[in-house]
Amino acid sequence: MEMYPSVTLFGPRQCGKTTLARSMFPEFSYANLEEFTARMLASSDPNEFFRVYPEPVIIDEIQRVPELLSTIQYRIDERKQKGQYLITGSRQIALKSSVVQSLAGRTAIIDMLPLSLRELSDAGIRLGREEQILAGGMPFLYGGDGFEPSRYYSDYIDTYVSRDIAEMSQIHDWDRFLRFLHLLAGRTGQLVNASALAADTGVTSTTIGSWISLLEASHLIYVLKPWYRSRTSQIVKTPKIYFTDTGVACFLLGITTPSQVSRDPLVGNLFENMVVIEALKARYDSYAVDDGLFFYRTSNGTEIDLILDRRDKMDLFEIKAGQAVDGSYLKAMRSFIQKHGDAGMHVVFSGQMCRYLGADFLNYMDVYEVFRETEEPYRLNFRKS
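Residues numbered from 1 in each chain as written. Predicted model: local features only at pLDDT ≥ 70, side-chain atom pairs only at ≥ 80, totals over all residues. Heavy atoms only, no water.

A. Up close: the overall build of the protein. When its secondary structure is counted, the protein shows 16 helices and 11 strands. For the protein, the proportion of its 385 residues judged to be buried stands at 51%. Of the contacts formed within the protein by residues at least 6 apart in sequence, a portion of 68% connects residues at least 24 apart. Per element, the accessible surface of the protein, about 17700 Å² overall, is 49% carbon and sulfur. (Helix = DSSP H or I, 4+ residues; strand = E, 2+ residues; numbered from the N terminus. Buried < 20%, exposed > 50% of the residue type's maximum accessible area, 1.4 Å probe, protein only. Contact = heavy atoms within 4.5 Å. Areas by Shrake-Rupley, 256 points an atom, 1.4 Å probe, with all protein chains shown as cover.)

B. Quick look at the nonpolar core. Formed by 60 residues in total, the largest nonpolar core has its most connected members in Phe-180, Leu-215 and Phe-243. It is helix α14 (residues 267-285) that provides the largest number of residues to this core, a total of nine residues. Among residues more than four places away in sequence, those in contact with Leu-215 are Ile-165, Phe-177, Phe-180, Leu-181, Leu-184, Leu-220 and Ile-221. Ala-31, Phe-49, Val-57 and Leu-103 belong to the second largest nonpolar core, which has 19 residues in total. (Core = buried A, V, L, I, M, F, W, Y, C linked by side-chain atoms within 4.5 Å.)

C. Highlighting the side chain of Asp-245. Note on placement: Asp-245 falls in the loop between β7 (240-243) and α12 (246-252). Although Asp-245 lies buried, it forms no salt bridge, and the closest oppositely charged side chain, Lys-281, sits 5.7 Å away as judged by the N-O distance. At 2.8 Å, the side chain of Asp-245 forms a polar contact with the backbone nitrogen of Gly-137. Apart from residues lying up to four places away in sequence, Asp-245 is in contact with Pro-114, Ala-135, Gly-136, Gly-137, Met-138 and Tyr-153. (Lys, Arg positive; Asp, Glu negative; His and termini not counted. Salt bridge = Lys/Arg side-chain N within 4 Å of Asp/Glu carboxyl O. Polar contact = N/O pair within 3.5 Å; in protein donor to acceptor, adjacent residues only side chain to side chain.)

D. Quick look at α14. The terminal C-alpha atoms of α14 lie 27 Å apart, and with 19 residues this matches the ideal 27 Å at 1.5 Å per residue to within 8%. With 16 of 19 residues buried, α14 lies mostly within the body of the structure. (Expected span 1.5 Å × (residues − 1).)

E. Spatial organisation of unusual backbone geometry. Put simply, Glu-55 and Pro-56 share a cis peptide bond, and its omega is 0°. For Pro-56, the location among the structural elements is in the loop between α3 (46-52) and β3 (57-60). Despite not being glycine, Lys-80 shows a phi value in the positive range, around 55°. Along the chain, Lys-80 turns up in the loop between α4 (68-79) and β4 (85-89). Residues other than glycine seldom take positive phi values, yet His-219 does so here, at roughly 65°. Tracing the sequence through the fold places His-219 in the loop between α11 (205-217) and β6 (221-226).

F. Quick look at the sheet that holds strand β9 (residues 303-309). On the basis of which strands lie adjacent, the open sheet formed by six strands has the order β7-β6-β8-β9-β10-β11 and mixed pairing. Two strands in the sheet have a free side with no partner beyond their single neighbour: β7 and β11 (344-348). Ignoring which end each strand starts from, the neighbouring axes of this sheet average 35° apart. Direction of pairing for strand β8 (residues 293-297) relative to β9: antiparallel, over a ladder of four bridges. (Pairing = 2+ DSSP bridges. Axes fitted to C-alpha atoms, helices over the stretch in contact; angles between N-to-C directions.)

In structure tokens, the structure reads:
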């Protein structure tokens, strides 16, 4: 807050933006634009709004009154003071464009996702693999009062997700959209085939594309793009879809207990989903200019689950849900290195320790150490402590 007049915090609903903002800056006044009186005041009389909520101020859910940004811009330019506005928003594409346009050079933009495994571990919470996939990272579920994840995520879809999407677009057939959501969960970690989804849902491929954009704008999904150095036909250009919270994916798949997670045919996909989103959270935490995350797949089936490309260095990751590792996991990564140059090879799995398998694993590093670019070692471990 000391560097900019304002900071804008984006993230999905219920991920903890408000709690974080108010706990870090309890001395700030607070306006929630979801509340009717504050919203009406902000839209009808911005000057009176800032008399009622004087700077420094936390303005929650700015997407409800985006026109307030122009007044904030004017007040920043008039006052020329740092750390006056902490703004939160639950939408991404159009809202982020509005923030960038109105507050260019005046705000720092920070992306936030639900709780990471590292944050849970720091709080003394270390769940088993299945429990963690089922629960996801929404802070509400770790409040100590006890709450069934399936019940929470049912309410989450019915209220926050449906409301955001309804406000952003005109979806005339909500039942078909819900069917699309369920089908998409069944394809987590897989290449997106818009035509197949359209046929199964009963809409056009164009509609599927717009719905995916809506989910991405609502921070419900993350679109992982393919890596390619040159535009050759050998590289598959279709992206993959991951849910930003595995608890949402489990609910949409009808998974309600940890034992169902372990028996589900998609347990490997769900584990991969969790690791990819953990990587994304780690990149956000290290304030990277871009996430630098990709996957690799050629038309002959050679595939690498995750690539971290930092321009001057690349790290390759094979993600496996099992408890042990195997030398065959390195085959695709070796093939990539032979074709595209040196890169770090890593295997992420749910075992408690990385078993040494000779020189192939001498350069194994912890996934957090790589993504966060820190010297502090921290191994992904999903066992109960």
